[in-house]
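Working through the structure, step by step
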Amino acid sequence: MTDSQQQTQQLPLLRVEDLTVRLRGEAGIVHAVSDVSFQLQRGQTLGIVGESGSGKSVMARALMGLLPRRATQQLDGQVSLAVDGKVLELLKLSEREFRTLRGPRLAMVFQDPMTALNPVLTLGVQIAEPLQLHLGLNKAQAMARALELLAQVGIPDPEGRLRQYPHQLSGGMRQRVVIAIALACDPQVLLADEPTTALDVTVQRQVLDLLLALQRERQMGMVLITHDLGVVANRADHIAVMYAGRIVEYAPTSRLFSAMRHPYTEALFKSVPRLSDPSHTRLHAIPGRPPQLIDPAPGCAFAPRCPNAQQRCRRETPALTQAGDEHLHACFYPIGIKEVGA
Amino acid sequence: MSETSNPQLRARDDIVLKVEHLVVTFDVGRELVQAVSDVSFDIARGETLGLVGESGCGKSTVGRAIMQLPPPKGGKVIFKGQDITQLEGEALRKTRTALQMIFQDPISSLNPRRRVKDIIAEGLQIWERPNQRARVEEVMEAVGLDPETAADRRPHQFSGGQCQRICIARSLALDPDVLICDEPVSALDVSVQAQILNLLEDMKARYQLTMVFVAHNLAVVKHISDRVAVMYLGKLCEIGSVDAVYQHPSHPYTQALLASIPELETSQEDAIPLLQGDIPSPMNPPSGCRFRTRCPKAQAICAQQEPAMQASPSGIGDHFVACHFPG
């Protein structure tokens, strides 16, 4: 893309370029995130899919400026956030500057709503806190706004709930409160890291539908991180599949499902048990297991488990390359266009 | 509480395990919680019964109560014609060798200080079985662990999926009749889940196992089960063959559960309304039908009278539902 083309395009809300995170672990340096790039537009949802250890949560924390400082050995790349027509380089900000962004600009919903809430503060106090801190509301104003927020996230009897503590709520209700806190200062970007994994399936859908409705209503950019392809299948505009700290495939959602190119994407897709399969259908298991990210071997990280792997895959790391309009994959021997599902 | 009749129990002579009017209670402070309330089902030789429901429905407690861990408060667990709730001490321990269990978190269910071969051999040593070494090697090979390289290692040197293989090998060492699997794949990554599910199917065929498979994931349960029992707040809602329950779900809760699953192919337009609200506390379950507070079909009678198990309107054999307005 030339510079002039870039200028005529709408400025992306969030732009991540070559994000690389290395963490110090007990057993060595963990290559948690390597060369991750993507863009997020206003009003869009990006689904990030990966198994445990794929780097998806570390990436989210890096975007929020929440990496453990002492354990971070290397943090490289660019994270640009468009704020009121200006572009902020997040990785260059001081902790103090970053703090002013968390809440009004960037907010995060975590996996476990029990540990994300403070057990000794009432819900009202916890929702009002960012409102007082960032928006300068007084206590009465903040409480009034907290009440509105609780109602917006679908909590029955919000007035009574304001005075309650987290342990008095069910898991689904707690996650709604976490969402209310995240939305309190009207953020432009919402990162949701496995927001429904800790919830029961009937509650999971309620919470996902709520997140999506709020995202549309407020035209936020949302990054929805999950290990479950089913969670993002009908909800994300684009999907990035991560493996061993890298994005291995990126595409608009419908295109990803109809024409996946990376063997890992396909293997992950096929290994999920489906309701539509008859009983005792043999599953397509991926042999082996995800790699350790300490001193990774050269070459493609998926090569040891890949049916298409050749000599070259064990020597060189494939870069993300264009495979069509907005469709990228990192594979030397991608699979042909396949009609899956449909 | 009066005991209900149990039309869902089948009159077959190959029933290996039968659970009748099972009740499990827990002390919670000054109160008693009925975690499992009058649950009955049976399993025929070679069958896999899937036990599904959301957290707090009592499915894991049923699995443990079958093992007498702890013994249930009421009801019978009849294994090969013998009520094992009446057994104690040595007799119970001996009978229990034929019932084995694997758990959700494979890493915490293995002693980190012991070698894999000793973990797997422990039951054989206790019961002084012959040819222990050969048996350990045989089950290790069966679950896909190389006895040469894995036998002398300790659990921390293995991944979660490998640890679950060790747990499965341990459960098979004593040649059990029944294997109870309590959420055996929910702690594993999707790509590893499929390996373990396939392995369980292989082991079932190789060792002629009868299985109870407890899980919250309906797609996983469908893949592995012959029959499915759906639980809600300690009660059995629906039981039947996989085809009956998945193709013709008769209980509004089963219908809602199936509609809630995020599927890769389904569109957002689902005919079945989403469930509102959360699961009520089991400390104080709703009167009558326990599902009525979230049920789109609930009427006055649902609050007054607990629905009895009855043949499902699906017309499929051995398909039963506990609902006043099934279908």
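Remember, it's a predicted structure, so these values are computed and weren't measured experimentally.

For the rest of this paragraph, the subject is the nonpolar core. If you look at the biggest cluster of nonpolar residues, it comprises 198 residues, and the most contacted ones within it are A:Ala180, A:Val223, B:Ile120, B:Ile166, B:Ala169, B:Val212 and B:Phe213. Among the elements that line this core, the one with the most residues is helix H8 (residues 171-183) of chain A, at eight residues. A domain-level breakdown of this core finds at least three residues from each of domain 1 (15-98 + 176-262 + 269-322) and domain 2 (108-175) of chain B. Beyond its immediate stretch of four places on either side in the chain, A:Val223 contacts A:Leu40, A:Leu46, A:Ile48, A:Ala60, A:Leu191 and A:Ala192.

Frequently, the measure chosen for interface size is the accessible area removed from exposure when the parts meet. Residue and element names in this part refer to chain B. According to the domain assignment, chain B consists of domain 1 (15-98 + 176-262 + 269-322) and domain 2 (108-175). A separation of 29 Å is found between the C-alpha centroids of domain 1 and domain 2. Taken residue by residue, the interface counts 13 residues in domain 1 and 14 residues in domain 2. Looking at the side of domain 1 that touches domain 2, the element that brings in the most residues is helix H7 (residues 190-206), giving six residues. Split into classes, the residues belonging to the side of domain 1 that touches domain 2 amount to 10 nonpolar, two polar and one charged.

What follows concerns the sheet that holds strand E10 (residues 246-252) of chain A. Residues and elements named next belong to chain A. Taken together, eight strands build an open sheet; the order of strands is E6-E7-E8-E3-E9-E10-E12-E11 and the sheet is mixed. Of all the strands in the sheet, just strand E6 (106-109) and strand E11 (321-322) have a single pairing partner and so form its edges. With five bridges connecting them, strand E7 (residues 189-193) and strand E8 (residues 221-226) associate as parallel partners. Paired with Val189 across the bridge in E8 is Gly221. On the sheet, H8 packs against E6 and E7 and is oriented at approximately 175° with respect to E6.

Moving on: the interface of chain B and chain A. Listed per partner, the contact involves 37 residues of chain B and 40 residues of chain A. Only H7, helix H8 (218-224), helix H9 (242-247) and helix H10 (252-260) of chain B provide two or more residues apiece to the side of chain B that touches chain A. Residue composition of the side of chain B that touches chain A, by class: 17 nonpolar, 12 polar and eight charged.

To continue, consider the confidence of the model for chain A. Reading fine detail from the predicted coordinates is not recommended where pLDDT is low. Residue and element names in this part refer to chain A. For chain A, the average pLDDT comes to 90, and 95% of its residues sit at 70 or higher. Overall, residues 1-8 carries pLDDT values under 50, and its contacts beyond four positions in sequence, including any with other chains, amount to one contact. Residue range residues 338-342 is modelled with pLDDT below 50. Its contacts to residues more than four positions away, or to other chains, number 10 contacts.

Basis of the calculations
Residues numbered from 1 in each chain as written. Chains lettered and ligands numbered in written order. Predicted model: local features only at pLDDT ≥ 70, side-chain atom pairs only at ≥ 80, totals over all residues. Core = buried A, V, L, I, M, F, W, Y, C linked by C-beta atoms within 7 Å. Buried ≥ 20, exposed ≤ 12 C-beta atoms within 10 Å, placed from the backbone. Helix = DSSP H or I, 4+ residues; strand = E, 2+ residues; numbered from the N terminus. Domains from an automatic or database assignment. Contact = placed C-beta atoms within 7 Å. Nonpolar A, V, L, I, M, F, W, Y, C, P; charged D, E, K, R; others polar. Pairing = 2+ DSSP bridges. Axes fitted to C-alpha atoms, helices over the stretch in contact; angles between N-to-C directions. pLDDT = per-residue confidence, 0-100.

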